Amino acid sequence: ESLLAAVPPPMREIAEVLRRVVHAAVPDALERVRPGWRLIGYDLPIGPRRTAYFCFVLPEPRHVHLGFENGVLMSDPDGVLQGAGVTKRVRWVTFRSGDAIPRRQLEALVREAAELAALPAPARAESAGRR
């Protein structure tokens, strides 16, 4: 909440909707603020003492990103993921004030990101070859 308090109200509202999307898609996701990155990160519990970082909500003054740590490996049938040519691995969807937020589409992306994060690295790479 302290992270979102510093964000303009329209972006704060979008960030809250995106937080709900993540929790609806992956109810077990662990949410924590990563102050150094100025984002809300989500980890998937994958063992007794192990988690896997899989997505984030990054509020900025003019827009909010819903991002995916292994986004380059994700299927993107609707072509909504951004970041190709900008980052090697991370991909995101950006929302501005007034944009519709396609919850079902985003929930599917969040679930896929969590499924990828839960795979061991070799299986994750192999999975990417099938997408």
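Further up the page is the structure itself.
Residues numbered from 1 in each chain as written. Predicted model: local features only at pLDDT ≥ 70, side-chain atom pairs only at ≥ 80, totals over all residues. Heavy atoms only, no water.

This part is about the overall build of the protein. Along the backbone of the protein there are four helices and five strands. Start at the N end of the protein and walk to the C end: the helices and strands fall as α-α-β-β-β-β-β-α-α. In terms of overall size, the protein behaves like a compact globule, its C-alpha atoms giving a radius of gyration of 14 Å where 131 residues would be expected to give roughly 14 Å. Each principal axis of the C-alpha distribution contributes one length, and for the protein these read about 40 × 35 × 25 Å. Out of the 131 residues belonging to the protein, those deemed buried represent 44%. Put simply, 46% of the contacts in the protein that link residues at least 6 apart link residues at least 24 apart. If you sum the accessible surface of the protein, you get close to 7400 Å²; carbon and sulfur atoms cover 52% of it. (Helix = DSSP H or I, 4+ residues; strand = E, 2+ residues; numbered from the N terminus. Rg over C-alpha atoms; globule rule 2.2 N^0.38 Å. Buried < 20%, exposed > 50% of the residue type's maximum accessible area, 1.4 Å probe, protein only. Contact = heavy atoms within 4.5 Å. Areas by Shrake-Rupley, 256 points an atom, 1.4 Å probe, with all protein chains shown as cover.)

We note that Arg 38 has phi near 55 degrees; this positive angle belongs to a residue other than glycine. In this structure, Arg 38 sits in the loop between strand E1 (30-34) and strand E2 (39-47). Given the relative accessible area of 53%, Arg 38 is considered exposed.

The next point concerns the packing of aromatic side chains. Scanning the model with the defined rule gives one aromatic pair in all. Ring centres of Trp 37 and Tyr 53 lie 6.0 Å apart, and the angle between their planes is 50 degrees; this geometry places the pair in the tilted category. You can see Trp 37 sitting in the loop between E1 and E2 and its partner Tyr 53 sitting in strand E3 (residues 50-59), a full 16 residues away along the chain. With a relative accessible area of 17%, Tyr 53 lands in the buried category. (Phe/Tyr/Trp six-rings, centres within 6.5 Å; stacked < 30°, edge-to-face > 60°.)

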